[in-house]
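The residues making up each chain are set out below.
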Amino acid sequence: MKIKLKQYPGNRLNNTVITVLTILLLFIALTVAVVSGTLDAWDATFLEWVRRLDHPSLMVLARVSYFTGEAEVAVFIVIAGLGFLCWKRYWQEAQVLAISALGVLILIDQILKPWFARIRPAPGLIDVHGKSYPSGHVSGNLMLYLYFSYLIAFHFPKWGTFFYILSTILVALMGWSSLYLNIHWVTDLIGGVCVAYLGFLFCITLLKSISKKYRKF
């Protein structure tokens with residue numbers, strides 16, 4: 001199925017452009033500070049503060065929360081989501097999901113992380129490889145859950161707020177767990193949130209461009 005792009009109201013497009021530029025500028029400013037090492041001391045202090053709360057039950061929660069954000073789990077959710085959308089014949093929604101999920105994976109793992117090459121905190125409490133900035137856990141999962149929440153809010157308005165809040169809580173736990181397990185700096189998470197929101201805005205912009213029913217939502 002070919003994607004046919006269509007225009008939608010200019011005022012909404014302008015608001016989206018302003019939001020994208022604001023988040024992009026924030027990400028650029030953060031990245032400059034990270035690369036220059038300006039925030040290293042703050043990162044170390046914040047991480048030390050998080051890890052002071054040492055308790056066996058918190059360790060279990062951290063391991064479980066981090067696991068829920070692993071690539072294998074995210075891939076399963078994407079495949080399940082694609083299957084459901086195709087089963088319901090939501091072809092355009094499925095196309096956007098496939099494009100955005102693949103896009104954010106390539107952007108984070110193949111472009112941004114190798115480019116910035118930031119070293120993770122050491123020693124990590126679990127075995128994690130690769131660079132740390134920006135956080136793939138936060139960026140990929142938050143974008144994915146926000147997109148699902150958007151679709152749910154469109155089709156079931158009464159449940160929209162609940163799923164947006166639930167998505168935020170789940171990803172916040174993933175972010176906290178990566179700090180608690182000493183495998184990410186807090187600025188990695190902030191950078192991941194910026195990428196996630198840019199990805200989410202791309203999702204809904206693309207969806208509104210190819211499906212007129214979403215343009216007034």
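What you see is a predicted model; the values in this text were computed from it and never measured. (Residues numbered from 1 in each chain as written. Predicted model: local features only at pLDDT ≥ 70, side-chain atom pairs only at ≥ 80, totals over all residues. Heavy atoms only, no water.)

**Quick look at the side chain of Lys113**
Here is step 1: Looking at the secondary structure, you find Lys113 in helix H5 (residues 91–116).
Here is step 2: No salt bridge forms around the buried Lys113; measuring N to O, its nearest opposite-charge neighbour Asp109 is 4.5 Å away.
Here is step 3: Contact partners of Lys113, with chain neighbours within four places excluded, come to Ile108, Arg120, Lys131, Ser132, Tyr133, Pro134 and Gly136. (Helix = DSSP H or I, 4+ residues; strand = E, 2+ residues; numbered from the N terminus. Buried < 20%, exposed > 50% of the residue type's maximum accessible area, 1.4 Å probe, protein only. Lys, Arg positive; Asp, Glu negative; His and termini not counted. Salt bridge = Lys/Arg side-chain N within 4 Å of Asp/Glu carboxyl O. Contact = heavy atoms within 4.5 Å.)

**Some details on the environment of Val35**
Here is step 1: The residue Val35 is located in helix H1 (residues 10–36) in this model.
Here is step 2: Through-space distance from the C-alpha of Val35 to that of Leu58 is 31 Å; in sequence the pair is 23 residues apart.

**Digging into the pattern of salt bridges**
Here is step 1: Under the criterion given, the structure shown has 5 salt bridges.
Here is step 2: Note that Arg118 is salt-bridged to Asp40, the shortest N-O span being 3.7 Å. In this pair, Arg118 is assigned in the loop between H5 and helix H6 (136–155) and Asp40 in helix H2 (residues 40–51), connecting sequence segments 78 residues apart.
Here is step 3: Assessed through its relative accessible area of 41%, Asp40 is described here as partly exposed.
Here is step 4: Linking Arg52 and Glu48 is a salt bridge whose minimum nitrogen-to-oxygen distance equals 3.8 Å.
Here is step 5: Glu48 gets classed as partly exposed once you look at its relative accessible area, which sits at 47%.
Here is step 6: When salt bridges that share partners are traced, they join Asp40, Asp43, Arg118 and Asp188 into one network.

**Regarding the UniProt feature "domain: Phosphatidic acid phosphatase type 2/haloperoxidase" (unreviewed entry) in the protein chain**
Here is step 1: UniProt annotation of "domain: Phosphatidic acid phosphatase type 2/haloperoxidase" (unreviewed entry) refers to residues 94–204 when read in the numbering used here.
Here is step 2: Note that residues 94–204 is 77% helix and 0% strand, and that its end C-alpha atoms are spaced 12 Å apart. (UniProt positions renumbered as here; feature names shortened; annotations may be inferred.)

**Examining the environment of Asn14**
Here is step 1: Mapped onto the fold, Asn14 is located in helix H1.
Here is step 2: For Asn14, a relative accessible area of 47% gives the class partly exposed.
Here is step 3: For the pair formed by Asn14 and His184, sequence separation is 170 residues and the distance between their alpha carbons is 35 Å.

**Considerations on the UniProt feature "transmembrane region" (unreviewed entry) in the protein chain**
Here is step 1: The positions UniProt marks with the feature "transmembrane region" (unreviewed entry) are residues 65–87, 94–116, 136–154, 161–183 and 189–207.
Here is step 2: In this annotation, residues 136–154 is assigned 100% helix and 0% strand; the end-to-end C-alpha distance for the span is 27 Å.
Here is step 3: The annotated region residues 189–207 carries 100% helix and 0% strand content, and the separation between its end C-alpha atoms amounts to 27 Å.

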